[in-house]
Amino acid sequence: MKITLIKPSLGNLITGYNIAEGSMEPLQLAIIAGLILKPDEVIMYDERIEKIPFDEPTDLVCITVDSFSAYRSYKISAEFQSRGIKVILGGMHASLLPDEASQHADSIVVGDAEPVWNQMIKDFKESNLQKIYHAPFGLPQEGCFPNRDIFKGKKYLPVSMLQFSRGCKFNCSFCSVSQFFNHSHTCRKMEDVLYEIEKDKLKTILFVDDNMVSNKAELKVFLKELIPLKVKWASQSSMDLTGDKELMKLMADSGCIGNLIGFESININTLKWFNKSPNIKNFDNYKKELEIFRDYGFLTWASFMIGNDFDNLDTIEKTVEFAIKNKFTLAFFHILMPYPGTEVYNQFKSEGRLLYDGHWWNHPDYRYNQASFKPKLMSANQLSDAAVKANKDFYSLSSISQRLFDGKTNFRNLVNIMIYSRLNYIIRKTST
Ligand code: B12
Ligand code: SF4
């Protein structure tokens, strides 16, 4: 039996916007591959970096679906189904909107693959595949390890994805994670994580945790064990980690090179509207926090959410200026997206502000990185253009050279200079 795993691309993009370069390994597919008992039965195609050979013989197709790739995922599913091949969908979007996803697949999984995989494959082999499988929700199962062989020969960034924990204790109004995990956070068994690092000889790691520092006490125990393994790592963390000096030191000692931090906005009213609680306490426009990050030498990948109800074109420009002035290693200016099930989605829906018939993720006219709602203080087109301009300005040559010269972070040592240059080069190439 042959199983084909698929990571879909984003489908049609706005002309000239190419995001293929700089793709990273899709960990969820390696986890599924790890559940397949005979490794030679599985093959993976990542449409972000290669074409899917629809006519290659296979028995079963499994597609991982996020909201931003839902439309494309359904198209891929239809292609295989038209060839008589059964398709299973899973992932964040299929779990958030099971009724919609079910219409585009033979079966779907709500939740994690691990607990239901064996039963599902047994059912498939007995021609008894159920329409929907509900996985008990929670932490990654003990003793389940990804099969990273599926990544061999594919051009990914030289960094390994790894999971320490899932979920986040906060409840930001735009975030699918808080919805999906119901504001809960669970850590994986520490021995499993350490074993996985050693077994697969991981050296440069991106922890794909939603918020690595959500449970600081457990993280500290883990980091103490991580120190002897001498890895380099980065992750996503909430701003409140700066208040814990012991944690900051353990992060530095265990090889942390930087963090993706959700700044979201430089306006306190927006932060309150987003319910972005880790950023709100003693808000001083991040001055204190940024100094602490710099003192520990951490690179900062700053994420901003633009187009909220307090943003106009001027505040978006000021946000970009803030990011350049603070010499962030990278910054992302994401258009606020009403993801299904989130508070932001429900609010825009009740106010009649959703575009694309209220389901941008499954609309033929929607393109990645376009506004999908009516902003309050500008038009949707102005917001889409402002996002493109924000990226162009932040990744302009003058901004890149200005930001490089920070002796505490980007210019701290040769490794940091190389990371800074490579990442800025890739993003400049794909976003300008
Ligand atoms: C790491 C990450 C990234 C990395 C991607 C790394 C990579 N490999 O490519 C980076 C930083 C690049 C990134 C980018 C983006 N991301 Co992101 N990302 C994540 C994050 C934090 C973890 C994903 C992950 O690897 N999880 C670990 C795996 C093992 O868990 P999993 O995916 O849930 O899979 C399990 C189950 O869902 C299930 N499953 C999954 N697929 C399938 C398939 C089948 C068939 C079955 C049976 C089961 C199954 O079983 C799996 C194993 O347990 C998630 C948050 C999250 N919790 O999902 C956000 C998340 C997926 N990202 C999100 C977004 C919005 C984006 C961006 C669009 C941001 C932006 N505005 O540009 C971009 C998109 C870029 C792109 N082209 O893909 C949103 C998506 C919301 C939504 N409703 O879809 C999330 C949920 C974050 C959030 N806070 O809301 N992201
Ligand atoms: S802190 Fe980050 S992961 Fe947690 S709920 Fe807010 S946006 Fe989501």
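Anything mentioned here points back to the structure above.
The present account deals with the structure reproduced in this document. Please read all numbers here as calculations on a predicted model, not as lab measurements. (Residues numbered from 1 in each chain as written. Chains lettered and ligands numbered in written order. Predicted model: local features only at pLDDT ≥ 70, side-chain atom pairs only at ≥ 80, totals over all residues. Heavy atoms only, no water.)

### Notes on the packing of aromatic side chains
For any pair of aromatic rings, the description consists of the separation of the ring centres together with the inter-plane angle of the planes.
For step 1, the next point in the chain: Here the structure, examined in full by the defined rule, presents 30 aromatic pairs.
For step 2, the next point in the chain: Taken together, a centroid distance of 5.5 Å and an interplanar angle of 10° make the contact between F304 and F333 stacked. Pair noted here: F304 is in strand β13 (residues 299-306) and F333 is in strand β14 (residues 330-335), with a separation of 29 residues, a long-range link.
For step 3, the next point in the chain: Ring-pair connections join several aromatic residues into one group, and the members of that group are F263, F283, Y286, F304, F322, F328, F333, F394 and Y395. (Phe/Tyr/Trp six-rings, centres within 6.5 Å; stacked < 30°, edge-to-face > 60°. Helix = DSSP H or I, 4+ residues; strand = E, 2+ residues; numbered from the N terminus.)

### Considering the side chain of S237
For step 1, the next point in the chain: Residue position: S237 is located in strand β11 (residues 232-237).
For step 2, the next point in the chain: Residue S237 is classed as buried on the basis of its relative accessible area, which comes to 5%.
For step 3, the next point in the chain: There is a polar contact of 3.3 Å between the side chain of S237 and the side chain of N259.
For step 4, the next point in the chain: The contacts of S237, once residues within four sequence positions are left out, are N211, M212, V213, M251, N259, L260, I261 and G262. (Buried < 20%, exposed > 50% of the residue type's maximum accessible area, 1.4 Å probe, protein only. Polar contact = N/O pair within 3.5 Å; in protein donor to acceptor, adjacent residues only side chain to side chain. Contact = heavy atoms within 4.5 Å.)

### Regarding the sheet that holds strand β7 (residues 160-162)
For step 1, the next point in the chain: The parallel open sheet is built from six strands, whose spatial order is β7-β10-β11-β12-β13-β14. Each of the sheet's edge strands pairs with one partner strand only, and the pair in question is β7 and β14. Adjacent strand axes in the sheet meet at a mean angle of 20°, parallel and antiparallel pairs treated alike.
For step 2, the next point in the chain: As paired elements, strand β12 (residues 256-264) and β13 share six bridges and run parallel to each other. The residue of β13 that forms the bridge with E264 is F304. (Pairing = 2+ DSSP bridges. Axes fitted to C-alpha atoms, helices over the stretch in contact; angles between N-to-C directions.)

### Notes on the site of ligand 1
For step 1, the next point in the chain: In the vicinity of ligand 1, 37 residues are found, and the nearest of them are E25, T64, S67, R166 and Y368.
For step 2, the next point in the chain: Residue G91 places a main-chain N or O atom 3.4 Å away from a nitrogen atom belonging to ligand 1.
For step 3, the next point in the chain: At 2.8 Å from an oxygen atom of ligand 1 is found a side-chain nitrogen or oxygen belonging to E114.
For step 4, the next point in the chain: Partitioning the shell around ligand 1 into residue classes produces 20 nonpolar, 10 polar and seven charged. (Near = heavy atom within 4 Å. Nonpolar A, V, L, I, M, F, W, Y, C, P; charged D, E, K, R; others polar.)

By themselves, these observations are geometric and do not establish any function.
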